[in-house]
Amino acid sequence: MAFVIFLIPCFVISTDIAFSCQNADDFVGASAPGDIIIGGLFAVHSEMLHPEEDPIKPVIQNCAGFEIQVFLQTLAMIHAIETINNSTLLSGVTLGYEIYDTCAEVTKAMASALRFLSKFNSSEDAVEFKCNYSDYIPRVKAVTGASYSEVSMAVSRLLALQLIPQVSPASSAEILSDKIRFPSFFRTIPSDFHQTRAMTRLICESGWNWIGVIATDDDNGRFALESFGVQAMANNVCIAFKEMLPAYLSDSTFHTKVDHAIEKIVKETGVNVIVVFMRQFHVLKLFKKAIERNVKKVWIASDNWSAAVKISTIPNIRQLGTVVGFGFKSGDISSFQEFLRNLHEKPTENNKFLHEYIMLLSVCEYLEYHDFQKCIANQSQDDLLENAGSKPQIWRDDFLNANIEQGFIHSTILAVYAIAHAIKGQCKDRDCKDPSALAPWELLEELKKVVVIDDDKEVKFDPNGDMSTSYDVLLWKEIDGHMEITTMAEYDAEKGGFIFEDEEKKKDFLALKKVQSTCSPHCRPGQVKKVTESPHTCCYECIYCPENHYSNQTDMDYCYQCNNKTYWAPINSTTCYRKTIYFLAWTDWFAIFLLLLSAFGVVVVLSICVIFTKNLDTPVVKASGGLIVCYIILFSHFLIFLSTVFFIDVPTDFKCKTRQALFGISFTLCISCILIKSLKILLAFSFDPKLQNFLKCMYKPIPAVVTCTGIQVIICTFWLIFRTPFVNQNFSIPKVIILECNEGSIVAFGIMLGYIAALAFICFIFAFKGRKLPENYNEAKFITFGMLIYFIAWIVFIPVYATTFGKYLPAVEIIVVLISNYGILCCTFLPKCYIIIYKQETNTKSAFLKMVYTYSSKSAGSVAVSQVSLDSKSSSLRATVTDSCKTENDSENGNSHFQVPGQPLIKGKVLPKNAAGTMIRKRVSSI
């Protein structure tokens, strides 16, 4: 380093003669004659020296900061042209070139563009003004370049005046795809739209959303920043800060802005990823400051510097952290590398860039690699004056190979070949050795259709003038103590995804996720982002998804809502769960218990049938109405027990319609038969003449049963037709779907039950009046008890049914049905079964006659006393009781009617002695 410090001042003494522009030919950097001349614009130097004199004169100044990478691009253009001239591609037509150094300045590039526009073979290099340039022959037919988008924008507007095609291998600004503003611009690389989208994809897949951006304050930097901002916003990536550095190193505020950018990076501790859209010499200055401040981040490099060897070889570059970038897809450049090995044999008379490089070698040849590179970059054209004639003793061709940025070299060669193929297409039917035979605007039209074979693939320009090639994803990786620029993946611009050659490279890609760069921690599945007061959407709080909502990805902006009817979700859920379908299943223990009770009831019914059938001729069975009536009642009890089956398992429309109708009609039939029995008992043992006459009119068994049951059938039929029950899904419980039968009409359900209750109440009244029957014939008393059980059960049922909820709601009705059915069945038949089985001595005709005789004697005496008492109080009362129903049927359903004795009661006398006996015989005959 001491030698460098000593060496550089030795060459500061200079004049403005050697490299200054004295005439137009001095302005050309490299040239070669040919039938068709192609222009070239490359920023071989990084800056243009500015004069210190005052006032400033309009003089094109010399440049400083020799850029090896761009110098190699000029050599790639020369190599491509020489290769084409040595091939049969253009059939005898040779290509020449004129390459100019823009020094990364728009002003100098515009001067070069003016010379391109000058008339061919004009001694004064004058640009003629014309209204129509169709027949105008400029100095060049096409232009390759420029290196920077800002320069290309300015030059392209000027070249568009004559529609001279411009094919850039490096200018990637998205705005250059606008064919209205830049009609003659083409490029052999993708636009920044694809690059910024690739960057955003990398950021998203790495789990980052809080980043910083640093860009140069020029057209290229601003447009790249704008394009990246749009992509970032679309992918929920927030830009924590944006720092713009001056476009020119000569700007007096440059170092202050760099220091400010570093301070911003250090201050934003949550930002660990920095995207950099800058030129290489800007990145050099920034990184040197960052190394001094021990800044360690992930740096995402744009295509301008992602493959820059002079940056990757900065001392202590590993301290900066990880550098990952995007470079243009490279191809086979082995022939160019061979060209470089023979470069020392090339003449330098018409190549000032090569001549300058040779002088730089002589000045810096004894330095180590990095010092050698630094020495070359720090020399100005003025500095090399005194060594103009010296030659280096060491060529150092390895230095050129080490600084090759393959993507730029490949795109430069591709640009020359695209122009050559366009020339070939236009020169099929014309002699292109004549400069006037081919106009630039004709070449422009041919370029739009040209197809070039690149690595066995066809590539062409799209309607925007871009070649949508892929990107190489580059990773700066330390290998054996040296920072190597390796290809980690390929980004497919069309599909928008990354392609990995092997698992090792994929692991390197996935390792980027270890770096955290978020404003807020990632919200896990089951959580949702709640925006805070920060203006950035990436700064938020994570809150749990509420009940019946879920999120199944990280960092979701909202929770998905479950279908509340069929799904549910707890708080902080990552998915919806299907609701459990509840119904009273066969396997439910309570359902099994109820079914056992129903089955037992069926067994009891069948047992009673057997007992009554075996004891058909006994007085107890005959007194119960005969076997047919008993069978009808028992069959109705059987159907009631059977109806409980329809309340269990999965509800269906058939079950819903059947269960209530079956229960209602069966129960009505049962109550109707018992009502007729109650009426018969009351008629048999009633000694009140008025009541007996009324009961005789009412006692018509078959019509009464048919009528009572028929009314219930009509009620159920109307119910099933107009408001039929149906299967209903009850969603009121959060986690459960209850399958239940909706009765269709509560009114119809109420009418059905109310009608049964009305019949039961009438039956209860009749039975209650006959409760004091003989001990062995006390059926009315038990019917009364049965009806009481029925009323109590159903009165309790109403509030319980109204307040019960869930799958056990059908069980409530089953219980009530069983209780009422068991109550009536047991009260009606069990006492008789008990007499038949255990008191057979009372189940004889003589025993019944004795019991009836005793009861009738008491009842007749009571009636006589009552009549004498009434006769004494009312002299107008007649003894003869007129029968209201004078015509009596002898028998109905096998049973005789009863005739109240008709002897007139004589005032003050008692009944004859044979009156009680006559009444007793009639009671017995009725039984």
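This text follows the structure it describes.
These lines cover the structure that appears in this document, whether it is placed above or below. (Residues numbered from 1 in each chain as written. Predicted model: local features only at pLDDT ≥ 70, side-chain atom pairs only at ≥ 80, totals over all residues. Heavy atoms only, no water.)

1. As for the overall build of the protein
In step 1: The secondary structure content of the protein amounts to 28 helices and 29 strands.
In step 2: Taking the contacts inside the protein whose residues are at least 6 apart along the sequence as the reference set, 72% of them involve residues at least 24 apart.
In step 3: On the protein, roughly 42,700 Å² of surface is accessible, and the fraction owed to carbon and sulfur atoms is 58%. (Helix = DSSP H or I, 4+ residues; strand = E, 2+ residues; numbered from the N terminus. Contact = heavy atoms within 4.5 Å. Areas by Shrake-Rupley, 256 points an atom, 1.4 Å probe, with all protein chains shown as cover.)

2. Some points on the sheet that holds strand E27 (residues 736–742)
In step 1: The 3 strands lie next to each other as E25-E27-E26, forming an open sheet whose pairing is mixed. Strands with a single pairing partner mark the edges of an open sheet, and in this sheet they are strand E25 (580–582) and strand E26 (726–730). Across the sheet, the mean angle from the axis of one strand to that of its neighbour is 25°, orientation sign disregarded. (Pairing = 2+ DSSP bridges. Axes fitted to C-alpha atoms, helices over the stretch in contact; angles between N-to-C directions.)

3. Re the side chain of Thr618
In step 1: Here Thr618 shows up in the loop between helix H18 (589–614) and helix H19 (619–623).
In step 2: At a separation of 2.8 Å, a polar atom in the side chain of Thr618 contacts the main-chain carbonyl oxygen of Asn615. (Polar contact = N/O pair within 3.5 Å; in protein donor to acceptor, adjacent residues only side chain to side chain.)

4. Quick notes on the packing of aromatic side chains
In step 1: Taken as a whole, this structure holds 43 aromatic pairs when the rule is applied.
In step 2: Between the aromatic rings of Phe66 and Phe71, the centroid separation amounts to 5.3 Å while the plane-to-plane angle is 50°, which identifies the pairing as tilted.
In step 3: Owing to a relative accessible area of 2%, Phe66 belongs among the buried residues under this scheme.
In step 4: We classify Phe71 as buried; its relative accessible area is 0%.
In step 5: Geometrically, the ring pair formed by Phe663 and Phe667 is tilted, given 5.3 Å between the ring centres and 55° between the ring planes. Here the residue Phe663 and the residue Phe667 both occupy positions in helix H21 (residues 653–684), the gap between them amounting to 4 residues, near one helical turn.
In step 6: Phe663 gets classed as buried once you look at its relative accessible area, which sits at 1%.
In step 7: Look at Phe667 and you get buried, because its relative accessible area is 0%.
In step 8: Among the aromatic side chains, those forming a connected cluster through ring pairs are Phe663, Phe667, Trp719, Phe749, Phe761, Phe764, Tyr790, Phe791, Trp794, Phe797 and Tyr801.
In step 9: Positioned above the aromatic ring of Phe186 is the side chain of Lys179, whose terminal nitrogen or guanidinium carbon lies 5.7 Å from the ring centre. (Phe/Tyr/Trp six-rings, centres within 6.5 Å; stacked < 30°, edge-to-face > 60°. Buried < 20%, exposed > 50% of the residue type's maximum accessible area, 1.4 Å probe, protein only. Lys NZ or Arg CZ within 6 Å of the ring centre and 35° of its normal.)

5. Observations concerning the packing of helix H8 (residues 254–267) against helix H9 (residues 280–292)
In step 1: In the contact formed by H8 and H9, the axes pass within 10 Å of each other and the chain directions differ by 50°. Judged on the interaxial angle alone, H9 and H8 are oblique. In terms of crossing hand, the pair formed by H8 and H9 is right-handed. For the pair H8 and H9, the contacting residues are Phe254, Val258, Asp259 and Ile262 in the first and His282, Lys285, Leu286, Lys289 and Ala290 in the second.
In step 2: Of the residues belonging to the contact of H8 with H9, the class tally is 5 nonpolar, 1 polar and 3 charged. (Parallel < 35°, antiparallel > 145°, perpendicular 65-115°, else oblique. Left-handed = near helix turned anticlockwise from the far one by under 90°. Nonpolar A, V, L, I, M, F, W, Y, C, P; charged D, E, K, R; others polar.)

6. Considering the nonpolar core
In step 1: Counting residues in each nonpolar core, the largest one holds 71 residues, and the members touching the most others are Phe612, Phe663, Met787 and Trp794.
In step 2: Sorting the residues of this core by element identifies H18, H19, helix H20 (627–643), H21, helix H23 (701–722), helix H24 (746–769), helix H25 (779–803) and helix H26 (809–838) as the ones contributing at least two each.
In step 3: Residue contributions to this core peak at 14 residues, all from H26. (Core = buried A, V, L, I, M, F, W, Y, C linked by side-chain atoms within 4.5 Å.)

7. Let's talk about the packing of helix H4 (residues 106–117) against helix H5 (residues 149–159)
In step 1: Viewed as axis vectors pointing N to C, H4 and H5 meet at an angle of 30°, and their least axial separation amounts to 9 Å. The orientation of H4 with respect to H5, classified from their angle, is roughly parallel. H5 is crossed by H4, and the crossing has right-handed handedness. Contacts between H4 and H5 involve Val106, Ala109, Met110, Ala113, Leu114, Phe116 and Leu117 on the former and, on the latter, Glu150, Val151, Ala154, Val155, Leu158 and Leu159.
In step 2: When its residues are assigned to classes, the contact of H4 with H5 shows 12 nonpolar, no polar and 1 charged.

8. Quick word on unusual backbone geometry
In step 1: A cis amide bond links Gly145 to the next residue, Ala146, at an omega of 5°.
In step 2: The phi angle at Asn236 is positive, at roughly 60°, despite the residue not being glycine.
In step 3: Looking at where Asn236 falls in the secondary structure, it is placed in the loop between helix H7 (219–234) and strand E10 (238–245).
In step 4: Since its relative accessible area comes to 41%, Asn236 is described here as partly exposed.
In step 5: Notably, Asp455 is not glycine yet its phi reads approximately 50°, a positive angle.
In step 6: Relative accessible area serves as the criterion here: at 43%, Asp455 is assigned to the partly exposed category.

9. Remarks on H7
In step 1: With 16 residues, H7 ought to run about 22 Å at 1.5 Å a step, and its terminal C-alpha atoms sit 23 Å apart, in line with that.
In step 2: Residues of H7 that are buried sit in contact with H5, helix H6 (192–205), strand E9 (210–216), E10 and strand E11 (273–277).
In step 3: Directly after H7, the chain includes Asn236, whose backbone phi takes a positive value near 60°. (Expected span 1.5 Å × (residues − 1).)

10. Details of the pattern of salt bridges
In step 1: Taken as a whole and assessed by the stated rule, the structure comprises 27 salt bridges.
In step 2: The shortest N-O distance in the salt bridge between Glu82 and Lys346 comes to 3.6 Å. Pair noted here: Glu82 is in helix H3 (residues 68–85) and Lys346 is in the loop between helix H11 (334–341) and helix H12 (352–364), with a separation of 264 residues, a long-range link.
In step 3: A relative accessible area of 30% places Lys346 in the partly exposed class.
In step 4: Measuring nitrogen to oxygen at the nearest pair gives 3.3 Å for the salt bridge that ties Glu128 to Lys119.
In step 5: With relative accessibility at 30%, the residue Glu128 sits in the partly exposed group.
In step 6: A network of salt bridges, in which partner residues are shared, links Glu150, Asp218 and Arg279. (Salt bridge = Lys/Arg side-chain N within 4 Å of Asp/Glu carboxyl O.)

11. A few points about the sheet that holds strand E17 (residues 482–492)
Pairing between the strands of a sheet is mediated by backbone hydrogen bonds and can be parallel or antiparallel.
In step 1: One open sheet holds the 8 strands; their spatial order is E10-E9-E11-E12-E13-E16-E17-E18, and the pairing between them is mixed. Looking at strand neighbours, the two that pair on one side only are E10 and strand E18 (497–499), the edges of this open sheet. Each strand of the sheet is rotated relative to its neighbour by a mean of 25°, with strand direction disregarded.
In step 2: Pairing between E9 and E10: 7 bridges, direction parallel. Along E10, the bridge assignment pairs Gly212 with Phe241.
In step 3: Contacting E9, E10 and E11, H7 runs over the sheet at an angle of about 160° to E9.

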